Amino acid sequence: MLAIVQSAALQGIDAYLVTVEVDIQPGAPQITIVGLPDAAVQESRERVKTAIQNVELSYPWKRLTINLAPADVRKEGPSFDLPIAVGLLAASSQAPLESLEGCLFSGELSLDGTLRPINGALSMALMAKEMGFRRMIVPKENAEEAAVVREVSAYGAGDLRDVVRILHDFSSESPAYADLDAILSKLPEYPVDFDELKGQPEARRAAEIAAAGGHNMLMIGPPGSGKTMIARRMPTILPSMTLEEALETTRIYSAGGVLKAKGGLMTDRPFRSPHHTTSYAAVIGGGASPRPGEVSLAHNGALFLDELPEFKRDVLEALRQPLEDGLVSIARVQASATYPARFMLLAAMNPCPCGYYGDARKACSCSPFTIRKYLQRISGPLLDRIDIHIEVPRLNEDHLLGQATGEGSEAIRDRVERARALQLERFKNENAFCNAQMNGRMLRAHCQLDAESRDQLKDLTRAMGFSARALDRLLKVARTIADLSGDPGIRIEHLMESAQYRTLDRKYFLE
C-alpha cells in the first residue's frame, strides 16, 4: 500500500516542498530510503521504528520503500522523521489516508516517540501558504512560530500519539494562535540606557542620525572614551521592527537554529557583536552545509565590530558585498544558499596600536610606520561603505567625575521613531525601510537639491575628493538629518553636517 506525505526542507532561509512516498509490500522485513538522503535521514529508519513501537503502535514488519522527492536534491537533517512515520502508519491503515491531503508534516522523533523541535518552521509555513496547504503538524515548540502565518492552521504535537489523534479528528486539537498585534506592540526592555553616557555630545548626535536612517557608523578614539558604551546602547534607540522585518529576521534565526523568541516572532532588532578572532565562516556564513553567519543574524539590526583593525583582512573585505547588496551568497559543491544581510554596521577602533595617536594629553608611543601599517588594515573601499565617521575623544576629569546629564534612550528613540515613520511612508511602494537602503533611483527621487545646495555640494566634492559612493552616502545621511528636523527637503545646513561625518578618513587614513 502506498501513502504520500508532504513535508519541506530548507535551502538558505527558503523552504521547498519534499514529497515523502512510503510503500509497503509483502516480503522480508527491510527498509530502504532513496532520494539522496544524508546520514541523518538514513538514521531515521531506526528512530522511526523504535518510536512507533514505544508509543504502542504497530510497526509494519514488511518490505518498506521510502522515496524523498525531488530525487535530485540532497535531503539533510532529522526533520523527515515525522513524515516518514506518518507515511508508515497511514500505509499500514493506522492513520486515515484522506487526512494527509492538504497537510504538511515536519518533525524529529525521539526514541520514545516525543517530537523534538526543528529549524525553519516559519519558512515552511510561508511555503505552505503559497502552495495552498490548509494545515501543518509540527512539534509543539514550533507551533507558535508556524502560527504567525494565519492562513495555515498549525497544530503542535507532543509525541507520535498526538499526531495520530489529530489525524483521526482535527477538531480534537485547537491550532496554535499568535497574536501579532500584541507581539509587535510590546516594547523591548534593556538593562542599559543612553542617560548613563557622560559627555560626548557629537557622538550622541551621530548615533541618533545612524539609528534614524540605518546608517553605518565608525567611531575612532583612544581607549576608555566610550566607543563600546555607545555601540551597546544603540539597540535602545533603534525603532520597532515592522511585520515584514520581523518575519525576515525570524526566518533567519529559525533556519540557523538560534531562535529563542517566545510567541514565535522576533520583534527586538538583533545586535550581534562577534569577537575579532571569529572565523570567516562564522562572520559571513558557510560550512559544509551553509548556515547563516553573524552578518545575516544581524539582518534588520546592528553588527558591532569592536577593535575593527584586529579582524582578519579577508573577513573585513568580505563585508563589502553585504554592505552594498544586503545579502550574502554562499556556494558549496553540494549546496548553495543566499542569506539576507541588510544590517547597520557599528565599528570602533583606536587611532593606532597604543591608542593615543592625536591625543592631547597622552603621547603616542607608536612610530609613523606602525601607525600607517595599523590603519592600512582598513581598506578604502570598506571605509567608503561606512556612512558616518565620528571621533570620540577622551573625557576630561570634569566629565569623568561628574554626573551623566545627557538625554535618555526613550527621548532619543521618540525622535528616531518619528524620522523612521517619514521614511516608511516615503518608501511604502519600494523595497526599503530606511534612508540607508536607498538605491540610485530612490536617491534621485528623494534627495533633490535646489541650485544653492547643489553648488555647495560641488564645492564639498571638489575640496574633499568624494568618490561616487561616498557622495551617495553623504546625500543619504543629509536626507536623514532633514527627516530628524522634519524638513521636506535637504538644505545647506543638512549637507554641511553630513559632510562633517566624512572627514576622519582624510585625517587618519590619507595622511
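Details of the structure are given in the entry above.
Presented here is an overview of the structure given in this document. Here the residue index of a chain counts from 1 through its sequence in written order. Only residues with pLDDT of at least 70 get local features here, since the model is predicted, and only at 80 or more are side-chain atom pairs given and counted; chain-wide, interface and lining totals rely on the full set of residues. Hydrogen atoms and water are omitted, and side-chain values are computed over all heavy atoms in the structure.

**Focus on the overall build of the protein chain**
- Secondary structure assignment for the protein chain yields 23 helices and 18 strands.
- Structurally, the protein chain occupies a C-alpha span of about 85 × 45 × 45 Å along its principal axes.
- For this analysis, residues touch if any pair of their heavy atoms sits within 4.5 Å. Within the protein chain, contacts between residues at least 6 apart in sequence are counted, and of these 74% link residues at least 24 apart.
- Note on areas: Shrake-Rupley, 1.4 Å probe, and residue coverage restricted to the protein chains presented here. As displayed, the protein chain has an accessible area near 22200 Å², and 50% of this comes from carbon and sulfur atoms.
- Residues scored as positive are Lys and Arg, those scored as negative are Asp and Glu, and His as well as the terminal groups of each chain are ignored. In this description, the location of a charge corresponds to atom NZ of lysine, CZ of arginine, CG of aspartate or CD of glutamate. For the protein chain, the distance from the average position of its 59 positive side-chain charges to the average position of its 66 negative side-chain charges is 4 Å. Working definition: helices are DSSP H or I runs of at least four residues, strands are E runs of at least two. Numbering for both runs from the N terminus.

**Considering the state of the cysteines**
- Any pair of cysteine sulfurs within 2.5 Å is marked as a disulfide. Counted by the stated rule, this structure contains zero disulfides.
- With no disulfide of its own, cysteine 352 lies closest to cysteine 354 among cysteine sulfurs, the gap being 3.5 Å.
- Three labels apply to residues, based on accessible area from a 1.4 Å probe with only protein chains included: buried if under 20% of the type maximum, exposed if over 50%, partly exposed otherwise in between. By relative accessible area, cysteine 352 is classed as buried at 0%.

**Quick word on the pattern of salt bridges**
- Think of a salt bridge as a Lys or Arg side-chain nitrogen and an Asp or Glu carboxyl oxygen that are within 4 Å of each other. In the structure shown here, the tally under the stated rule is 32 salt bridges.
- Linking lysine 129 and glutamate 151 is a salt bridge whose minimum nitrogen-to-oxygen distance equals 3.8 Å. One end of the pair, lysine 129, is in helix α4 (residues 121–130); the other, glutamate 151, is in the loop between α5 (140–147) and β9 (153–157), with 22 residues separating them in the sequence.
- What makes lysine 129 partly exposed here is its relative accessible area of 41%.
- For glutamate 151, a relative accessible area of 52% gives the class exposed.
- Several salt bridges share partner residues, and in doing so they unite Glu324, Arg385, Asp387, Arg469 and Arg473 into one network.

**Brief notes about the sheet that holds strand β17 (residues 344–349)**
- Note on pairing: DSSP must find at least two bridges between two strands before they are called paired. As summarised here, the arrangement of the five strands in space is β11-β14-β17-β10-β18, forming an open sheet in which the pairing is parallel. With one partner strand each, in any of the chains shown, β11 (271–272) and β18 (388–391) form the two edges of the open sheet.
- As defined by bridge partners, strand β10 (residues 217–220) adjoins β17 across four bridges and the pair is classed as parallel. Residue pairing for β17: methionine 219 is matched across the bridge by alanine 348.

**Concerning helix α20 (residues 451–464)**
- Between its first and last C-alpha atoms α20 spans 20 Å; for 14 residues at 1.5 Å apiece the expected length is 20 Å, and the two agree.
- The complete set of buried residues in α20 reads Ser453, Leu457, Leu460 and Met464. The arc that holds every buried residue of α20, seen down its axis, measures 60 degrees, which confines them to one face. For α20, exposure combined with an orientation more than 90 degrees from the buried face picks out Ala451, Glu452, Arg462 and Ala463.
- Phi turns positive one or two residues past the end of α20, at glycine 465, with a value near 65 degrees. To estimate the expected span of a helix, count its residues, drop one, and scale the result by 1.5 Å. In this description, the arc belongs to the directions extending from the helix axis to the C-beta atoms.

**Considering the packing of helix α21 (residues 468–485) against helix α22 (residues 492–500)**
- Two elements in contact, α21 and α22, have axes separated by 8 Å at closest approach and are oriented at 125 degrees. Considering the angle they form, α21 stands oblique to α22. As for how α21 packs across α22, the hand of that crossing is right-handed. Across the interface between the two elements, Leu474, Leu475, Val477, Ala478, Ile481, Ala482 and Ser485 from α21 touch His494, Leu495, Glu497, Ser498 and Ala499 from α22.
- Within the contact of α21 with α22, the residues separate by chemical class into eight nonpolar, three polar and one charged. Only the stretch in contact is used when a helix axis is fitted, and all axes are lines through C-alpha atoms; the angle between N-to-C directions ranges over 0 to 180 degrees. For classification, angles of less than 35 degrees are called roughly parallel, those exceeding 145 degrees roughly antiparallel, those between 65 and 115 degrees roughly perpendicular, and all remaining angles oblique. For any pair of crossing helices, the crossing counts as left-handed if the nearer helix is rotated counterclockwise from the farther one by less than a right angle, and right-handed if it is rotated clockwise. Classes in brief: Ala, Val, Leu, Ile, Met, Phe, Trp, Tyr, Cys and Pro nonpolar; Asp, Glu, Lys and Arg charged; the others, Gly included, polar.

**Regarding the nonpolar core**
- Among the buried residues, those of types Ala, Val, Leu, Ile, Met, Phe, Trp, Tyr and Cys that are joined through side-chain atoms within 4.5 Å form a nonpolar core. The biggest cluster of nonpolar side chains holds 43 residues, and the ones touching the most others in it are Phe105, Ile137 and Leu167.
- Ranked by residue count, the leading element in this core is helix α3 (residues 81–91), at eight residues.

**A closer look at the pairing of strand β4 (residues 63–69)**
- When strand β2 (residues 14–25) meets β4, the two strands line up antiparallel, connected through seven bridges. Bridge pairing links glutamate 21 to asparagine 67 in β4.
- With five bridges connecting them, strand β3 (residues 30–34) and β4 associate as parallel partners. Its bridge partner being in β4, valine 34 is matched across the sheet by asparagine 67.

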